[in-house]
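Structural features, examined
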Amino acid sequence: MVETAGGGPGDGTAEVLDRPLPDGVRRRVVQIVADGFGGLTVAELPAQLRQYARFTPTRRAKFAGNAMAAALETEPLFRQRIGEKFREAQPELSGALDSGSPPPAADPLDVAAAAYVLRPAGWVKLVTAAGEEAQRADAERADEESRAELERLRAELDRSREQTRTETERLRSELESAKREAEVLHRKLRAALSDVKRGEAALRRVHGEIEAVRTEGAAQVSAAESESRRLKARLGEAEAALEATRRAVREGRSVEDMRVRLLLDTLLDAAQGLRRELALPPVSVRPAETVDAVEPGRMTPKDIAARALSENDPAILDQLLALPQAHLVVDGYNVTKTGYPQMPLEKQRLRLLGQLSALAAQTGAEVTCVFDGAELVAPVLLAPPRGVRVLFSKPGVTADELIRQLVRAEPPGRPVIVASTDREVADGVARAGARPVASAVLLKRLS
């Protein structure tokens, strides 16, 4: 196991270790090198260890352990320097190894590590003996740990068995108790199910009775509501008839007088207008003047045909407004949306009313402008211009219906002109005796 080559009998440098260095010894050797490392200069260190010169002993042992062990084995001079540092740090152990009698009380691993570094005679035997001693100690320690673990496991197994027996007995008793409780609960459940079925049957009967009562009540309520609506309608009709009767009693005579007076003024103005238009002499007509002929200087039928105006000629509107007591009714939004639809409604109203005010001042005619109240999101605060009556339709009433009401309110024979492009409005007012005019004609006259 040990070979010697060269050297005297007291020199152990020729001895060679024929097996790997035990782990415990190797750790102690690395620690010895790490402790003596700091006492050497960089030049005294092998090249592969110089990078660890500034490390602390703990960091050297951690990061440079393999490199230090290899250098110690391959670099005799480095091993000699580390040995000298160790002799300075541990003189007693070093002297005992040199004399061949290591201290019996010393740790075998420390002795083997010191012998490996110092290499006294017989160091291989010391390293081998330390390794074997460490293995025996490890084996004994492992055996003691195994016996202790076995005893612990046996005790734990006994406790587990005892607990299992106790738990089994407890579970068995609980199972018996649970079986008895389950039988009691099953009996109670069957009784409860029977009660539930009887209750459901009774509930269905009650629901049927309630549904029948509800249906009968709904029918009675519906009949009562229908009768109430009918009575309310009749009451409303009676109240309306009573109010109309009262209004007719109060205002009927004055309204009729107003209509007759307005019609009389219209006839008088029309007669005066005819007198001025025809330029009649104050004398009565002579029989000879009744003969149909063309006198020199008077208009011929051809000339009269040439004076006919187109339906879209604004002059027609001027002729109509020149009639006595003429009343112009304007469908406001119909006219503004025909002429300037891109403007906001408020600006449309202001522009149209301003133009109508000027037209009323020029012609002297009565002018009424009607707007649809459904177009508004809120009541309009508006000061009507001079000479123009401004009306908004009530909720539920359209501007077209309001215009027809205004036409029907006028006495027969008064000239009423309605400006609207709506064909339904035009036809309705025409049947009521008014003269419809297109919105475009009014816009041309205004502009």
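In this text the structure is predicted, and so the values were computed from the model without any measurement. Residue positions are counted from 1 within each chain, in the order its sequence is given. In view of the model being predicted, local features appear only for residues whose pLDDT reaches at least 70, and side-chain atom pairs are presented and counted only at 80 or more, with totals across whole chains, interfaces and linings using the full set of residues. Side-chain measures here rest on the full set of heavy atoms in the structure, leaving out hydrogens and waters.

1. Here's the deal with the pairing of strand β1 (residues 327-331)
When accessible area is computed with a 1.4 Å probe and restricted to protein chains, residues below 20% of their type maximum are described as buried, those above 50% as exposed, and intermediate ones as partly exposed. Here a strand is any run of E in DSSP of at least two residues, a helix any run of H or I of at least four, and the numbering for each starts at the N terminus. Burial of β1 is extensive: five of the five residues sit out of reach of the surface. Strand pairing is assigned whenever DSSP detects at least two bridges linking the two strands. Inspection of the sheet shows β1 paired to strand β2 (residues 366-371) by five bridges, in the parallel sense. Each bridged residue has a counterpart across the sheet, and for Val 329 the counterpart in β2 is Thr 368.

2. Digging into the packing of aromatic side chains
Only rings of Phe, Tyr and Trp enter the pairing, Trp through its six-membered ring, and a pair is recorded when the two centres are within 6.5 Å. The plane angle decides the type: under 30 degrees is stacked, over 60 is edge-to-face, the rest tilted. By the definition in use, this model includes two aromatic pairs. Measuring from ring centre to ring centre gives 4.9 Å for Tyr 333 and Phe 371, while their planes differ by 55°; the resulting arrangement is tilted. On the criterion of sequence distance, the pair formed by Tyr 333 in helix α10 (residues 332-339) and Phe 371 in strand β2 is long-range, its members being 38 residues apart. Here Tyr 333 matches Phe 371 in class, with each residue buried. Geometry around Tyr 333 places Lys 337 over its ring, the cationic atom sitting 5.6 Å from the centre. Only lysine NZ and arginine CZ atoms are considered, and such an atom sits over a ring when it is within 6 Å of the ring centre and within 35 degrees of the ring normal.

3. So, the sheet that holds strand β5 (residues 435-437)
Strand order in the open sheet formed by five strands is β3-β2-β1-β4-β5, with parallel pairing between adjacent strands. Each of the sheet's edge strands pairs with one partner strand only, and the pair in question is β3 (388-392) and β5. Averaged over all neighbouring strand pairs, the angle between strand axes comes to 20°, with direction disregarded. Between the N-to-C directions of two axes lies an angle of 0 to 180 degrees, each axis being a line fitted to C-alpha atoms and, for a helix, fitted only over the stretch in contact.

4. As for the pattern of salt bridges
For this document, the term salt bridge refers to a Lys or Arg side-chain nitrogen within 4 Å of an Asp or Glu carboxyl oxygen. Applying the stated rule across the entire model yields 17 salt bridges. A salt bridge links Glu 162 to Arg 165; the nearest nitrogen and oxygen atoms lie 2.3 Å apart. Taken together, the positions of Glu 162 and Arg 165, both in helix α7 (residues 123-278) and three residues apart, correspond to about one turn of that helix. Owing to a relative accessible area of 41%, Glu 162 belongs among the partly exposed residues under this scheme. In this structure, Arg 230 and Glu 227 form a salt bridge, with 2.3 Å as the shortest nitrogen-oxygen distance. Taken together, the residues span about one helical turn, with Arg 230 and Glu 227 both in helix α7 at a distance of three residues. Take Glu 227: its relative accessible area is 35%, and that puts it in the partly exposed class.

5. Quick look at the nonpolar core
Ranked by size, the top nonpolar core spans 34 residues in total, and within it Val 29, Met 68, Leu 72, Phe 78 and Ile 82 carry the most contacts. Elements supplying a minimum of two residues to this core: α1 (23-37), α3 (65-74), α4 (76-89), α5 (91-98), α6 (108-118) and α7. With nine residues, the top contributor of residues to this core is α6. Here Met 68 is in contact with Val 30, Val 33, Ala 34, Phe 37, Leu 49, Arg 60, Ala 61 and Phe 78, once residues within four sequence places are set aside. The criterion is simple. A nonpolar core is a set of buried Ala, Val, Leu, Ile, Met, Phe, Trp, Tyr and Cys residues joined through side-chain atoms within 4.5 Å. If you look at the next biggest cluster of nonpolar residues, it comprises 28 residues, including Cys 369, Phe 371, Leu 442 and Leu 443. Only heavy atoms enter the contact rule, under which two residues are in contact if any of them lie within 4.5 Å.

6. Points about the environment of Leu 93
Following the sequence through the fold, Leu 93 ends up in helix α5. Considered as a pair, Leu 93 and Ala 115 are 22 residues apart in the sequence and their alpha carbons are 9.5 Å apart.

7. A closer look at the side chain of Ser 393
Tracing the sequence through the fold places Ser 393 in the loop between β3 and α12 (399-409). You can call Ser 393 buried: its relative accessible area is 7%. Any N or O atom pair separated by 3.5 Å or less is treated as a polar contact, with the protein-specific requirement of one donor-capable and one acceptor-capable atom, and with residues adjacent in sequence counted only for side-chain atom pairs. Within polar-contact distance, the side chain of Ser 393 engages the side chain of Asp 372 at 3.2 Å.

8. Quick notes on the environment of Ala 43
One can find Ala 43 in the loop between α1 and α2 (57-63). Its relative accessible area of 64% is what places Ala 43 among the exposed residues. Among all residues touching Ala 43, those that are not within four sequence positions of it are Arg 50 and Arg 81.

9. Let's talk about unusual backbone geometry
In this structure, Gln 325 takes a positive phi of about 55° despite not being glycine. Tracing the backbone through its elements, the reader meets Gln 325 in the loop between α9 (314-321) and β1. Under the relative-accessibility criterion, Gln 325 is labelled partly exposed at 28%.

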